[in-house]
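Observations on chain architecture
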Amino acid sequence: FRRVLFRSTLIKEKHMLAGVTFINPSSCTISEDSMIGLDVIIEANTHIRGNSRISNNCKIGPNTYIKDTIVNENCEIINSTVFNSKIMDHVNIGPYSHIRPNCEISSHSKIGNFVEIKKSYIDEKVKVNHLSYIGDSKIGKNTNIGAGTITANFDGTKKYPTIIGKNSSIGANTIFVAPINLGDSVTTGAGSVIT
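Conventions adopted
Residues numbered from 1 in each chain as written. Predicted model: local features only at pLDDT ≥ 70, side-chain atom pairs only at ≥ 80, totals over all residues. Heavy atoms only, no water. Helix = DSSP H or I, 4+ residues; strand = E, 2+ residues; numbered from the N terminus. Rg over C-alpha atoms; globule rule 2.2 N^0.38 Å. Contact = heavy atoms within 4.5 Å. Areas by Shrake-Rupley, 256 points an atom, 1.4 Å probe, with all protein chains shown as cover. Phe/Tyr/Trp six-rings, centres within 6.5 Å; stacked < 30°, edge-to-face > 60°. Salt bridge = Lys/Arg side-chain N within 4 Å of Asp/Glu carboxyl O. Buried < 20%, exposed > 50% of the residue type's maximum accessible area, 1.4 Å probe, protein only. Pairing = 2+ DSSP bridges. Polar contact = N/O pair within 3.5 Å; in protein donor to acceptor, adjacent residues only side chain to side chain.

Helix and strand content of the chain: one helix and 29 strands. Its C-alpha atoms give the chain a radius of gyration of 18 Å, near enough to 16 Å, the size a compact globule of 195 residues would have. Across its three principal directions, the C-alpha atoms of the chain cover 55 × 35 × 20 Å. Considering only residue pairs separated by 6 or more positions, the chain has 9% of its internal contacts joining residues 24 or more positions apart. Of the accessible surface of the chain, which amounts to about 9600 Å², a share of 52% is contributed by carbon and sulfur atoms.

The next subject is the packing of aromatic side chains. Scanning all chains against the criterion turns up two aromatic pairs. Residues Y65 and F83 carry aromatic rings whose centres are separated by 5.6 Å and whose planes lie at 50 degrees to one another, so their mutual orientation is tilted. Here the residue Y65 occupies a position in strand 8 (residues 65-67), and F83 occupies one in strand 11 (residues 81-83), the gap between them amounting to 18 residues. When the ring of Y96 is compared with that of F114, the centres are 5.0 Å apart and the planes differ by 15 degrees; the resulting orientation is stacked. Of this pair, Y96 sits in the loop between strand 13 (92-93) and strand 14 (98-99) while F114 sits in the loop between strand 16 (110-113) and strand 17 (116-118), and the two are 18 residues apart along the sequence.

Where charged atoms of side chains with opposite charge meet at close range, the side chains can pair. What the rule picks out here adds up to four salt bridges. Residue R100 pairs with E116 through a salt bridge whose shortest N-O separation is 2.8 Å. One end of the pair, R100, is in the loop between strand 14 and strand 15 (104-105); the other, E116, is in strand 17, with 16 residues separating them in the sequence. We classify R100 as partly exposed; its relative accessible area is 25%. Owing to a relative accessible area of 26%, E116 belongs among the partly exposed residues under this scheme.

Okay, the sheet that holds strand 28 (residues 187-188) next. What the ten strands build is an open sheet, ordered 1-4-7-10-13-16-19-22-25-28; its pairing is parallel. Whereas interior strands pair on both sides, the edge strands pair on one side only; in this sheet they are strand 1 (21-22) and strand 28. With two bridges joining them, strand 22 (residues 144-145) and strand 25 (residues 169-170) adopt parallel strand pairing. Note on strand 25: the bridge partner recorded for N144 is S169.

What follows is about the environment of S27. Tracing the chain through its elements places S27 in the loop between strand 1 and strand 2 (29-30). Assessed through its relative accessible area of 21%, S27 is described here as partly exposed. Distance in space between the C-alpha atoms of S27 and D68 is 20 Å, their sequence separation being 41 residues. When near neighbours in sequence (up to four residues on either side) are disregarded, S27 contacts A44, N45, T46 and H47. In terms of polar contacts, S27 uses its side chain to reach the backbone amide nitrogen of N45, at 2.8 Å.

Attention shifts here to the environment of E32. Mapped onto the elements, E32 comes out in the loop between strand 2 and strand 3 (35-36). A C-alpha to C-alpha distance of 9.1 Å links E32 and R7, two positions 25 residues apart in sequence. Those residues within four positions of E32 in sequence are excluded, and the remaining contacts are R7 and I11.

Okay, unusual backbone geometry next. With an omega of 10 degrees, the peptide bond between G61 and P62 qualifies as cis. Summarising the element assignment, P62 is placed in the loop between strand 7 (59-60) and strand 8. In this chain, G94 is followed by P95 through a cis amide linkage whose omega measures 5 degrees. Tracing the backbone shows P95 in the loop between strand 13 and strand 14. In this structure, F114 takes a positive phi of about 55 degrees despite not being glycine. Residues other than glycine seldom take positive phi values, yet L131 does so here, at roughly 55 degrees. Locating L131 in the fold gives a position in the loop between strand 19 (127-130) and strand 20 (133-135).

The following block contains the structure:
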């Protein structure tokens, strides 16, 4: 146990000497295979595992777990969990978001409170701000996903995709019963069920 603790301390010291700021180093763990860029702030109780890469000028944590994920520059991830995904530049995630494997979140997008995203592509400048589940989906540029939106991707046997075009506005509590393919500039009313 002491040997593991000593090794963990050495890894954090190496990153600090290279320009990473740890707010509370003793509460954080960083894997040997992870890379962290310049001017990154790692808040308390943050764990970066596997083969992760955090690029320059990011703020990670507090209370965040990242594994096998690429995070590009100028991102902020707060109180969230991210697995095996790609997070592009200027993305905000959290608090309390869960990014499951095989997601790509494009630049200038926002994934907000209590949002779960699974195996999906989120294009640039998309907002999924609150209380939504996006699974097996592709969301087009500049689209806003209203609070409580659900992609009902599983029929009990198979999983199906939801595709939403660019410049769309999805009303609160919309349910998409996949498979769904919406074009560009589509608006759904609050509480809609789209089949």
